[in-house]
Amino acid sequence: MHPTDTNGLPTPPKIAVIDLWKSFGGKQVLKGVNLTIWPGESLVIVGGSGAGKSVLLKHLIGLIHPDSGHIIVDGEDLACAEPERCLAIRRKFGMSFQEGALFDSMTVFDNIAFPLRRHTPMSEAEIAQRVRECLALVHLSGVEHKMPAQLSGGMRRRVGFARAIALKPEILLFDEPNTGLDPITAAAIDRVIIEMRDKMPVTMVTITHDMTSAFRIADRLAMLRDGKIVAVAPPEEFRQLPDPYVQGFLAGQPVEEEVA
Amino acid sequence: MKLMARLFEFWGRRWLAVFEEVGRFFYVLHSTLLWTFRRPFDGKEWVRQMVRVGVESVPVVGLTALFTGMVLALQTYRGFARFHAEAFVASVVSLSLTRELAQVLAALMIAGRIGSSYAAELGTMRVTEQIDALYAMAVEPIHYLVVPRVAAATLMLPFLVAFADGIGVLGGYSVAVGLLGANPVVYWEKTFQFLDLNDVFSGLIKAGVFGLILSVTGCSKGFFTTGGAEGVGRSTTAAVVMASLIILLSDFFLTKILF
Ligand SMILES: Nc1ncnc2c1ncn2[C@@H]1O[C@H](COP(=O)(O)OP(=O)(O)OP(=O)(O)O)[C@@H](O)[C@H]1O
Ligand SMILES: [Mg+2]
């Protein structure tokens, strides 16, 4: 399970989540999540609606602070880091949000150009080039000069996806990148993820409800349930897991809930 | 017994909320000061915000000052005529405008115009995760959103108030001379006779402080918004009410210190 580098030495994890607890106003959402994310892998998190997947993902980048537990990114604890250090760690990340989270005062072009202008010395011409490239990847050429309010929900999510990958960060977090898209566009998003997984040393964590897509893009799948990660396995193993909830989830059938 | 407990809980919560509010205000103020002098310096955004506060508020502030000056002349004239002190109307108008009325009224108007829009903008960005998106892109939202707004309000309010001083005095002049038949030369002379440069300057300092207060209040209300569209509405209203109250309270203490 533990991957090794070319010399056979064990590689340290890219992100380690250790005993993470989080509650919102008395509602315990995460109850001791443990999860290791290896460099260069594509991990998919699945789980019921409202299970806390988005909350977990936001913890990874420090948008939400845990009640207790630790997030270690490249050996650095997010909680202890100085504000300056925090920004430096965040620069390793790109994230696309479930609802897009586009800046609604900027055009699509400026949205995607924003991180490039902010963090790179690229010229405007290079930036324009990169923006067009990213938009083409998500099948959205030609909307550069539209405002986010003029786009559909699915289009907004794809622009958010394009904005996340624009900087080519080391770690990418995708919150339901292909929910609500037509099958062809959804497959295009999958293809972008697969391509990045295979050709670039990028670490990816994706949340999705679409099991077909999950099996396509995942090196490993993790199941979040009742505030814990109850199963982590590569796709083939995941399919064979005896856990009735996992089987129910895969089959798309309700399972008998044990009374809590 | 139970009633006592309930009462304690009720007032306890109220007090906690007040402390929380004060804490947020100073958190935003403190981090704004820290981030103001860090790179990258976003000149274009500063200018955009300054135009919004400074240029676009000119009509509102001008009208407010104009009518304040006019009514001030009218009222004092009526009063002073009773003991034949009409000549001093000009002095009263210019002193009360520069020392007090121009900056307080302008600040209240700007709190309604700018403080509320800061709260609404940042609040909307908060509830639609745009602020999270900034964090995720390793851009400190305080740096990118709050610093230019606070700087704009703090720097532009003194200019607006200087402008209001002038317009208010002209308003008073037009009423006294045009309507009440005061002697224009005497009026003009009395306007400046007792007016110290200090009166004007301390008024402008107060204006800057009010700008800081109303912008930090608006931004912190917006920044800590929760609860969707309704939450944005609540933050916006609260920002105006809070800013106006703090402006009026601090006005007293500032006046005590500065004059
Ligand atoms: N900021 C918040 N304040 C209060 N409660 C929250 C907050 N964020 C999330 N929650 C709660 O945490 C739980 C998990 O939410 P989360 O958004 O992580 O679900 P999810 O697994 O992403 O669901 P979905 O698949 O529908 O997106 C929900 O019950 C939600 O009510
Ligand atoms: Mg979610």
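Residues numbered from 1 in each chain as written. Chains lettered and ligands numbered in written order. Predicted model: local features only at pLDDT ≥ 70, side-chain atom pairs only at ≥ 80, totals over all residues. Heavy atoms only, no water.

A. Summary view of empty space enclosed by the protein. Counted by the stated rule, this structure contains 3 cavities of 30 Å³ or more. The volume enclosed by the largest cavity comes to roughly 130 Å³. Contributions of two or more residues to the lining of the largest cavity are made by strand S6 (93–96), helix H3 (108–119) and helix H5 (153–165) of chain A together with helix H5 (130–136) of chain B. The greatest single-element share of the lining of the largest cavity, amounting to 3 residues, is contributed by S6(A). Class assignment of the residues belonging to the lining of the largest cavity gives a composition of 11 nonpolar, 2 polar and 3 charged. (1 Å grid on protein atoms, 1.4 Å probe; cavity = no way out; pocket = protein on both sides within 12 Å on 5 of 7 lines; lining within 4 Å. Points joined across faces, edges and corners; volume = space filled by probe spheres on them. Helix = DSSP H or I, 4+ residues; strand = E, 2+ residues; numbered from the N terminus. Nonpolar A, V, L, I, M, F, W, Y, C, P; charged D, E, K, R; others polar.)

B. Up close: the sheet that holds strand S4 (residues 68–73) of chain A. Residues and elements named next belong to chain A. Taken together, the 4 strands give an open sheet; going across it, the order is S2-S1-S4-S5, and neighbouring strands pair in antiparallel fashion. Across the chains shown, the open sheet's two edge strands, defined by having one partner strand only, are strand S2 (27–37) and strand S5 (76–77). Examined bridge by bridge, strand S1 (residues 15–24) and S4 share 5 bridges and lie antiparallel to one another. Across the sheet, residue isoleucine 18 finds its bridge partner in S4, namely histidine 70. (Pairing = 2+ DSSP bridges.)

C. Highlighting the coordination of the magnesium ion (ligand 2). Residue and element names in this part refer to chain A. Within the first shell, the magnesium ion (ligand 2) binds the protein through Ser54 (OG) and Gln98 (OE1), at distances of 1.9 to 2.3 Å. With a gap of 44 residues between them, serine 54 in helix H1 (residues 53–60) and glutamine 98 in the loop between S6 and H3 connect regions that are remote in the sequence. With relative accessibility at 19%, the residue serine 54 sits in the buried group. The exposure class assigned to glutamine 98 is partly exposed, which follows from its relative accessible area of 25%. (Donors = N, O, S within 2.8 Å, 3.2 Å for Na, K, Ca; no water. Buried < 20%, exposed > 50% of the residue type's maximum accessible area, 1.4 Å probe, protein only.)

D. The packing of helix H8 (residues 197–223) of chain B against helix H9 (residues 228–258) of chain B, seen in detail. All names here are of chain B. Their axes nearest at 9 Å, the elements H8 and H9 cross at an angle of 150 degrees. It follows that H8 is roughly antiparallel to H9 by the angle criterion. When you trace H8 past H9, the crossing you get is right-handed. Where H8 abuts H9, its residues Ser202, Ile205, Lys206, Val209, Phe210, Ile213, Leu214, Thr217, Gly218 and Lys221 lie against Ser235, Ala238, Ala239, Met242, Ala243, Ile246, Ile247, Ser250, Asp251, Leu254, Thr255 and Leu258. (Axes fitted to C-alpha atoms, helices over the stretch in contact; angles between N-to-C directions. Parallel < 35°, antiparallel > 145°, perpendicular 65-115°, else oblique. Left-handed = near helix turned anticlockwise from the far one by under 90°. Contact = heavy atoms within 4.5 Å.)

E. Examining the pattern of salt bridges more closely. All names here are of chain A. Across all of its chains, the model carries 25 salt bridges over all chains by this definition. The partner of aspartate 74 in a salt bridge is lysine 14, and the shortest N-O contact between them spans 3.3 Å. One end of the pair, aspartate 74, is in the loop between S4 and S5; the other, lysine 14, is in the segment before S1, and 60 residues separate them in sequence. In this structure, arginine 85 engages glutamate 76 in a salt bridge whose closest nitrogen and oxygen atoms are separated by 2.7 Å. (Salt bridge = Lys/Arg side-chain N within 4 Å of Asp/Glu carboxyl O.)

F. Local environment of the interface of chain A and chain B. Each partner contributes to the interface: chain A provides 21 residues, whereas chain B provides 20 residues. Looking only at chain A, the three residues that lose the most surface to chain B are A:Leu87, A:Phe103 and A:Arg118, adding up to 31% of its buried area. Our enumeration of links across chain A and chain B arrives at 2 salt bridges. As a salt-bridge pair, A:Arg118 and B:Asp42 come within 3.7 Å of each other at their nearest N and O atoms. In this assembly, chain A and chain B are joined by 3 residue pairs in polar contact (both at pLDDT 80 or more). Going through the elements one at a time, helix H2 (83–90), S6 and H3 of chain A are the ones with two or more residues in the side of chain A that touches chain B. Of the residues forming the side of chain A that touches chain B, the biggest block, 4 residues, is contributed by H3(A). When its residues are assigned to classes, the side of chain A that touches chain B shows 12 nonpolar, 1 polar and 8 charged. (Buried area = accessible area lost by both parts, 1.4 Å probe. Polar contact = N/O pair within 3.5 Å; in protein donor to acceptor, adjacent residues only side chain to side chain.)

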